[in-house]
Amino acid sequence: MSEPATVFDEMGWPDQIRPPYALVDAWLKSVPAEQLALKRREAEVLFRRIGITFAVYTEGGDPERLIPFDLIPRVMAQAEWQSLRKGLEQRVRALNAFIHDVYHDREILKAGRIPERLVLNNPQFRPEMVGLDLPHNVYTHIAGIDMVRTGPDEYYVLEDNCRTPSGVSYMVENREVMMRLFPELFRRAGVAPVAHYGDELLETLRSVAPPNCQGEPTVVLLTPGIHNSAYYEHAFLADEMGIDLVEGADLLVRNEICYMRSTSGLTRVDVIYRRIDDDYIDPLVFRPESMLGAPGLHFATRAGNLTLANAIGAGIADDKAVYIHVPEMVRFYLGEEPLLQNVPTHDCSKPDDLAYTLAHIDQLVVKAVHGSGGYGMLVGPHASKAEIETFVAQLKARPHDYVAQPTLALSTVPTFVESGIAPRHVDLRPFVLSGEQIRIVPGGLTRVALRDGSLVVNSSQGGGTKDTWVLER
Amino acid sequence: MLARTASNLFWLARYMERADYLARLLQVAGHMSAVRVDADGNSEWESAIAAAGCHEEFFGKHEAATAGSVIDYLAFDRGNPSSICNCIETSRRNARAVRTALTSDMWEAVNTSWMELRDFESSEMNEDRLTEFLDWVKARTSLVHGVYANTMLRRDGFHFTRIGQFLERADNTARLLDVKYHVRLPTVQDVGGVVDYYQWLAVLRVVGARRAYRVLFKGHVEPAQVAELLILRPEFPRSLVFCFEQICLNLDAIESHDPRLSSECKRIAHSQYAALRFGQIEPIIEQGLHEFLSELVDRCGLLGAEIARGHLF
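Predicted model, so just to flag it, every value in this text is computed and none were measured. (Residues numbered from 1 in each chain as written. Chains lettered and ligands numbered in written order. Predicted model: local features only at pLDDT ≥ 70, side-chain atom pairs only at ≥ 80, totals over all residues. Heavy atoms only, no water.)

Peer 1: When you look at the overall build of chain B in this model, what are you seeing that I'm missing?
Peer 2: Helix and strand content of chain B: 15 helices and zero strands. In terms of overall dimensions, chain B is globule-like: its C-alpha atoms have a radius of gyration of 19 Å, near the 20 Å expected for 313 residues. Among the 313 residues that make up chain B, the fraction classed as buried is 55%. Carbon and sulfur atoms make up 51% of the accessible area of chain B, which amounts to about 13100 Å² in all. (Helix = DSSP H or I, 4+ residues; strand = E, 2+ residues; numbered from the N terminus. Rg over C-alpha atoms; globule rule 2.2 N^0.38 Å. Buried < 20%, exposed > 50% of the residue type's maximum accessible area, 1.4 Å probe, protein only. Areas by Shrake-Rupley, 256 points an atom, 1.4 Å probe, with all protein chains shown as cover.)

Written out as structure tokens, the structure reads:
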């Protein structure tokens, strides 16, 4: 599989080392290979022991496996980060403004900037939320914005995750493990800390307490339970915030007030950081058979007695077809030019775009609009003839369900592989917290495609992670 | 605290305590069947099954209690919910469900035990390996108990953990003693004989009290004194009185209790504690040790149910 000649290596490895990586380069050259191999094994033992595991569906074998962790950090200079940070803040403000708008006056639809069909006929649009006012008008309190880089100053947003983005525990734990393994490296590097993410998250959640909350808000984290693939993260975050980790059966709603069952009786709950999809959150409103949420949560919210974070219906902003219009949202709501670029995207529901996609399918990445986690996705340049044929059949049958994007030459960062050190493609998921103000912990989660030439970084598809450094100076 | 969290901590500690007890029981049964002078080595194993409280379930599955069948059933059988392997598995499942309520040291102790258990399970078992395994179980359970005692905040979570551990221990001690008094002495002539002597020594070994007995009573092993040690001596950390003292202390320390809900479990615990605290061994034996002990086992069951009801588990 040939690589485009223009792949940007963020380190400039091996012989054109970019300034932010000077220390990493010196470190890699000075530490003997066998010691690094030893540290890699140590890292794995640490992850296992701490129990940072991830459940992968549909496969046999070990149900709790590790996401491979790569020791070589991904480094960003402070200036690089600052420009990203501003763009992220702007984008998430626009996303929240958009969600608020579509559940209220629908100005952007009336102005014809976004097709009405795309929003009102979208399964992620929740009529239950129409006319409901939320604290600080925030819907996506925790957003994960997936970014890729193709050159020194070229960043693209790949997708916005406005519902229940995961992965932040790896951001924090990767740092923790790196600092345990290489304390001397951190003494010299001046890396912006990430360990306060839990504090920032809790502040954010407390700042969106519902109008009827009396005194200090009680915040809990709602998990589907230990069988969920991200359970470790739920427990981790609850722990970092020092709040209760609850399951649906621990909650109940009486007279539109939410309580949890505690050893001393019922305790009132004000804010729920929920890691359960809309469909399962409240069986009285959505799927009636769901045992994961609790009946009445939505009514408690409507009554001003409860805040759900993220809000029901936030998913309308991260649909892959709506994604195309995010730059327009920035212009419409903020009156600013977007600082972060979208990947040019073909909407296959349009005949011209579909024709283009079919003609260039071997060069494009085609994604299912409602898919996630790297499923339902075709990477044209890397697909076999048979794979393309099967995919084209699906695409022709339901063109509305697909969008297509050029195959970007994703940047690489040197990574440990079997044969030594080699460049591997990476992306970045920063986490943007919105409450009374926007908070972003510097960096984010770097995912790395471990297979040679692969562009798919999802952990369910053989991706790994790296520690992400933002240098303080 | 969240009721489910309290319940998970309670069961986490119970299952760890049970794993420890089963490992001790199997070690001593193995030891005893080796030193038996008569040919009937298997009755040791049958008594181990009785002392584990799973007589019925075991004989529903196995014809006879032999070294092989009992060790497999009590240590490894995944079909037996109370086998050592399942105890550790269940402990870990409970721990995982309440990770936020555990200290990180505690989680690592439980999780590492579980990971090492899987290594044991995937390797072939022979006599040496079994000894290693049982020693390992004792060491790991001690570690888990030590770690929680040394790292947990003295708040409700700790108290529920403590109650789980000592309720299980009381139950085990009572069963062990009861089995020795009634299953293990086939004929009247055996009482006071060589076999009997080894039996009582074995009881002391299971609860790790050989030396404690010597310190407190000096001299020959006497059944009545073994009973006194295991039931009434407050200095001995596996005695029933010690266990109930711990249960009462921790029940009383639970901060956020609703008095209407939790009064019944406290009543049961305190009345039992008073009976033990002021009890004397002679009248207990005169009125029937078996009756006393089986009533106590029932009480433990009732108390467990009331604690759960009283704290909305």
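Peer 1: Got a minute to help me understand the nonpolar core in this structure?
Peer 2: One broad rule of soluble globular proteins: the nonpolar side chains tend to lie buried together. Grouped together as the largest cluster of nonpolar side chains are 87 residues, with contacts concentrated most on Ile84, Phe133 and Ile231 of chain B. With twelve residues, helix H1 (residues 3-35) of chain B is the single largest residue contributor to this core. Leaving out residues up to four positions away in the same chain, isoleucine 231 of chain B has contacts with Leu177, Ser239, Leu240, Val241, Leu276, Ile281, Leu289, Phe292 and Leu293 of chain B. Formed by 74 residues, the second largest nonpolar core is a distinct cluster that contains Ile145, Cys162 and Val269 of chain A together with Leu2 of chain B. (Core = buried A, V, L, I, M, F, W, Y, C linked by side-chain atoms within 4.5 Å. Contact = heavy atoms within 4.5 Å.)

Peer 1: Help me out: how do you make sense of the sheet that holds strand S6 (residues 219-222) of chain A in this one?
Peer 2: Strands in a sheet are paired, the pairing made by backbone hydrogen bonds, and the direction either parallel or antiparallel. Residue and element names in this part refer to chain A. Read from one edge to the other, the open sheet built from four strands follows the order S7-S6-S11-S12, with strand pairing classed as parallel. The sheet terminates laterally at strand S7 (244-246) and strand S12 (307-309), the two strands that pair on one side only. Neighbour-to-neighbour, the strand axes of this sheet turn through a mean angle of 30 degrees, independent of strand direction. Two strands pair when backbone bridges link them, and S6 and S7 are joined in this way by three bridges, in the parallel orientation. Across the sheet, the residue bridging to leucine 222 is valine 246, located in S7. (Pairing = 2+ DSSP bridges. Axes fitted to C-alpha atoms, helices over the stretch in contact; angles between N-to-C directions.)

Peer 1: In this structure, what is going on with the sheet that holds strand S16 (residues 377-379) of chain A? I would like to understand it.
Peer 2: Residue and element names in this part refer to chain A. Spatial strand order, S14-S17-S15-S16: four strands in an open sheet with antiparallel pairing. In this open sheet, the two edge strands, each paired with only one partner strand, are strand S14 (346-347) and S16. Lying on the sheet, helix H15 (residues 385-397) is in contact with strand S15 (364-368), S16 and strand S17 (402-406); it crosses S16 at an angle near 135 degrees.

Peer 1: Explain the domain arrangement of chain B to me, please; I cannot follow it from the model alone.
Peer 2: Note on interface size: it is often stated as the accessible area lost on association of the parts. All names here are of chain B. Domain assignment breaks chain B into domain 1 (1-151) and domain 2 (154-313). Between domain 1 and domain 2, the contact holds 29 residues from the first and 33 residues from the second. Taken together, the two surfaces of domain 1 and domain 2 that pack against each other cover about 2900 Å², and 63% of this comes from carbon and sulfur. Sorting the residues of domain 1 by area buried against domain 2 places Phe10, Glu17 and Tyr148 first, and these three jointly supply 21% of that buried surface. Counting every contact that joins domain 1 to domain 2 gives five salt bridges. The salt bridge partner of arginine 14 is glutamate 168, with a shortest N-O separation of 2.8 Å. In this structure, the connection of domain 1 to domain 2 is made through twelve residue pairs in polar contact (both at pLDDT 80 or more). Of all the secondary structure elements, the ones that give two or more residues to the side of domain 1 that touches domain 2 are H1, helix H2 (42-51) and helix H7 (127-151). Here the residues of the side of domain 1 that touches domain 2 are counted per class, giving 16 nonpolar, six polar and seven charged. (Domains from an automatic or database assignment. Buried area = accessible area lost by both parts, 1.4 Å probe. Salt bridge = Lys/Arg side-chain N within 4 Å of Asp/Glu carboxyl O. Polar contact = N/O pair within 3.5 Å; in protein donor to acceptor, adjacent residues only side chain to side chain. Nonpolar A, V, L, I, M, F, W, Y, C, P; charged D, E, K, R; others polar.)

Peer 1: Even after reading the chapter, I still don't get the domain arrangement of chain A, so can you show me in this structure?
Peer 2: Residue and element names in this part refer to chain A. Taken as a whole, chain A is organised into domain 1 (19-190 + 319-341 + 408-470), domain 2 (211-305) and domain 3 (344-406). Spacing between the C-alpha centres of domain 1 and domain 2 amounts to 26 Å. Each partner contributes residues to the interface: domain 1 has 23 residues there, and domain 2 has 19 residues. Roughly 1700 Å² of surface becomes buried between domain 1 and domain 2 when both sides are summed, with 58% attributable to carbon and sulfur atoms. Seen at the junction of domain 1 and domain 2, the total is two salt bridges. Where domain 1 meets domain 2, there are eight residue pairs in polar contact (both at pLDDT 80 or more). Those elements that place two or more of their residues in the side of domain 1 that touches domain 2 are strand S1 (54-55) and helix H6 (168-181). No other element matches H6, which puts five residues into the side of domain 1 that touches domain 2.

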